[in-house]
Amino acid sequence: MRIERVELRYLSLPMGQGFETSFGRTTRKDFLLLALSADGVTGYAECVADENPYYLPETIGTVHHILREFLVPLALSRNFDHPRDLAAAFAPVRGHEMAKATLEMAAWELQARRDGRPLYALLGGRGGTIAAGVSIGLQSDAAALVDAVAREAAAGYRRIKVKIKPGHDRDLVEAVRARFPDLPLMVDANNAYTLADRPVFEALDRHGLTMIEQPLAWDDIVDHATLQRGLRTPLCLDESIRSTALARHALDLEACRIVNVKVGRIGGFTEALALHELCVARGVPLWCGGMVESGIGRLANVHLQTLPGFTLPGDTSASARYFAEDLVDPPVTVTPDGAIAVPEGPGIGHAILWDRVERATKWREAWTR
Ligand code: OSB
Ligand code: MG
């Protein structure tokens, strides 16, 4: 692969109802879209960084800087036999997993298009369908949350995740459980707690949750291990796992029993495949998280989830939950029994709607050899 051109666009896409976590509310989806061209073919990837560093330290601004100054020059200065070789070339750059993943994922997508195969085939997955789960943002109160859960359960989702934060946790789970005692249910705290909040987790432990996601600090594994020792409910780590090595450390310490994979958070597909292999070898359940991606990133997640280690439904839900006008045709849809069809076309497998991309583009920059 001789990379000839890299184009980066800043997109701002209107969202319907928005999404609220413990770090704030989003009503527009601002993100970077990268196009990578080599040997007459172009591949695409969506970056998961937000404008702010409230999920993890990287932002759209840091990704732009790291791509422009370091990763793009590296990619344009040598040839690669396979997309998996990009990760090794990027290794001298410390951290900046989201920036690395953006370029690396586009190389995989390009390679799949070049081979005329769906992305899943290049990754070693399979066709068919995947099981869909859904993440429900913070709602105004418990009654509104129960309504939202009822709506998503009726839509077919096979696992429902609700966001919690201090003061909005036990009551929310009790309200949902009162109406849906047997629903596969989990919570995600996005680092909002400390070990001093142990009583909250002891109360949640009585509700048969599938897991509790990232209750403690974004960069912690030690306190999570302490918390896990006193709980029956498995902990799952999201933010804390930014590499396969960190996942291995977390599993060795028993800081979690389930792993959330986001390709953008761990530096790309090559690292995702390594993390998948680690979890399969250790019998640790794995699922694919989401970052409220447009259809382009959403479809990349669909392909990844066809690998055999993804034994739990992920956070990949229908495009229409977030975007009235998604950037892919057809949009990602979920069947009444909670399945998403895996595309069979080359690369991500659905057409990109360039008129919508153009309308959402705030700026763009391109680099060539
Ligand atoms: O922690 O999983 C998370 C959204 C933005 C940032 C972090 C997270 C989330 C979600 C939404 O939970 C998942 C989705 O629907 O894409
Ligand atoms: Mg999470």
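As shown above, the structure is provided for reference.
Residues numbered from 1 in each chain as written. Chains lettered and ligands numbered in written order. Predicted model: local features only at pLDDT ≥ 70, side-chain atom pairs only at ≥ 80, totals over all residues. Heavy atoms only, no water.

## Side note on the overall build of the protein
Part 1: When helices and strands are tallied, the protein shows 13 helices and 15 strands.
Part 2: For a compact globule of 369 residues, the expected C-alpha radius of gyration is about 21 Å, and the protein comes in at 20 Å, within 12% of that figure.
Part 3: Considering only C-alpha atoms, the protein reaches an extent of 60 × 40 × 35 Å along its principal axes.
Part 4: Of all 369 residues assigned to the protein, the portion counted as buried reaches 59%.
Part 5: Taking all contacts inside the protein whose residues are at least 6 apart in sequence as the whole, residues at least 24 apart take part in 72%.
Part 6: Between the centroid of the 41 positive side chains of the protein and the centroid of its 47 negative side chains there is a distance of 1 Å. (Helix = DSSP H or I, 4+ residues; strand = E, 2+ residues; numbered from the N terminus. Rg over C-alpha atoms; globule rule 2.2 N^0.38 Å. Buried < 20%, exposed > 50% of the residue type's maximum accessible area, 1.4 Å probe, protein only. Contact = heavy atoms within 4.5 Å. Lys, Arg positive; Asp, Glu negative; His and termini not counted. Charge placed at Lys NZ, Arg CZ, Asp CG, Glu CD.)

## Observations concerning the sheet that holds strand S5 (residues 134-136)
Part 1: Ordered by their spatial adjacency, seven strands build an open sheet running S5-S6-S7-S8-S9-S10-S11, and the pairing between neighbours is parallel. Each having just a single partner strand, S5 and strand S11 (286-288) make up the two edges of the open sheet.
Part 2: Pairing of strand S8 (residues 212-213) with strand S9 (residues 235-237), which is carried by two bridges, proceeds in the parallel orientation. The residue bridging Glu213 from the neighbouring strand is Cys236, located in S9. (Pairing = 2+ DSSP bridges.)

## A few points about helix H6 (residues 170-179)
Part 1: For H6, every residue scored as buried is listed here: Leu172, Val173, Val176 and Arg177. The buried side chains of H6 occupy one side of the element, clustering within an arc of 125° when seen end-on.
Part 2: Structurally, H6 contributes buried residues whose contacts are with helix H5 (142-154), strand S6 (160-163), strand S7 (185-188) and helix H7 (198-204). (Arc of directions from axis to C-beta.)

## Topic: the pairing of S7
Part 1: Across the two faces of S7 the burial is the same, with Leu185 and Val187 and Met186 and Asp188 all buried.
Part 2: Taken together, the four bridges between S6 and S7 define a ladder with parallel strand orientation. Residue pairing in the sheet places Val162 in a bridge with Val187 of S7.
Part 3: The handedness of the S6 to S7 crossover, carried by H6, is right-handed.
Part 4: One ladder, built from two bridges, connects S7 with S8; its direction is parallel. Across the sheet, the residue bridging to Val187 is Ile212, located in S8. (Right-handed = clockwise from strand over helix to strand, strands pointing away.)

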